[in-house]
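Listed below, chain by chain, are the residues.
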Amino acid sequence: MEVRIATGVVALGALVFVAVALARGADTLKLPVGAAILAAAVCVGLVVRLRFVRVIAIGAVFVLAVVHLLIAMSDGPWWVRLVSGVLTAGYVYCAVLLNTLPARQYLEPK
């Protein structure tokens, strides 16, 4: 269950990030599309249960959390900063979920 929730939050976060970038304009799409590609790779790895995917997913989630934290702390529209703050919290929550014992037992090879 923890892995499914983490996968859903990462996928939804990537979609929201791209949607916010589209709302701001087409010139701001490079970073969100790159983040969406990274998020898609993490989601596929979690669903397929690839070897060492948990460690890679935690690293990728922390990178995405730092990106959103920097956006939340920058100058910009208040709604973009608010969405990035919520996404930061969601990505940190995903890292915590992927560190729980049930997720480790599910994802680690036997």
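Residues numbered from 1 in each chain as written. Predicted model: local features only at pLDDT ≥ 70, side-chain atom pairs only at ≥ 80, totals over all residues. Heavy atoms only, no water.

Asks: Run through the overall build of the chain, naming residues and quoting values.
Replies: Scanning the chain for helices and strands turns up five helices and zero strands. Written out in order from the N terminus, the α and β elements of the chain read α-α-α-α-α. Taking 13 Å as the expected radius of gyration for a compact globule of 110 residues, we find that the chain reaches 14 Å, a close match to that expectation. Expressed as lengths along the three principal axes of its C-alpha atoms, the size of the chain is roughly 45 × 20 × 20 Å. Here the chain holds 110 residues, and the buried ones make up 35% of them. In the chain, the share of contacts with a sequence separation of at least 24, taken over all contacts with a separation of at least 6, comes to 67%. With the model as given, the accessible surface of the chain reaches about 6,600 Å², and the carbon-plus-sulfur share is 73%. Where the 9 positive side-chain charges of the chain centre and where its 4 negative ones centre are 9 Å apart. (Helix = DSSP H or I, 4+ residues; strand = E, 2+ residues; numbered from the N terminus. Rg over C-alpha atoms; globule rule 2.2 N^0.38 Å. Buried < 20%, exposed > 50% of the residue type's maximum accessible area, 1.4 Å probe, protein only. Contact = heavy atoms within 4.5 Å. Areas by Shrake-Rupley, 256 points an atom, 1.4 Å probe, with all protein chains shown as cover. Lys, Arg positive; Asp, Glu negative; His and termini not counted. Charge placed at Lys NZ, Arg CZ, Asp CG, Glu CD.)

Asks: I'd like a description of the nonpolar core, backed by residues and values.
Replies: By size, the foremost hydrophobic cluster in this structure holds 24 residues, and its most contacted members are Val 10, Leu 46, Val 61, Tyr 91, Leu 98 and Leu 107. Broken down by secondary-structure element, the contributors of at least two residues to this core are helix H1 (2-24), helix H2 (30-48), helix H3 (53-73), helix H4 (78-98) and helix H5 (101-107). Of the residues forming this core, the biggest block, seven residues, is contributed by H3. Discounting residues that sit within four places of it in the chain, Val 61 has contacts with Val 10, Tyr 91, Cys 94 and Ala 95. (Core = buried A, V, L, I, M, F, W, Y, C linked by side-chain atoms within 4.5 Å.)

Asks: Pulling in residues and values, what's your account of the state of the cysteines?
Replies: The bond known as a disulfide is covalent and runs between the sulfur atoms of two cysteines. All chains considered together, the criterion is met by zero disulfides. The thiol of Cys 43 is unpaired, and the distance to the nearest cysteine sulfur, on Cys 94, comes to 8.6 Å. Note on Cys 43: relative accessible area 10%, which makes it buried. (Disulfide = S-S within 2.5 Å.)

Asks: Tell me about the environment of Val 3, and please be specific about residues and values.
Replies: As for its placement among the helices and strands, Val 3 is situated in helix H1. Since its relative accessible area comes to 8%, Val 3 is described here as buried. C-alpha separation for the pair Val 3 and Asn 99, spaced 96 residues apart in sequence, amounts to 9.9 Å. Excluding anything up to four places from it in sequence, Val 3 contacts Leu 46, Ala 103, Tyr 106 and Leu 107.

Asks: Break down unusual backbone geometry for me, with residues and values.
Replies: Non-glycine residue Arg 49 carries a positive phi angle of around 65°. Locating Arg 49 in the fold gives a position in the loop between H2 and H3.

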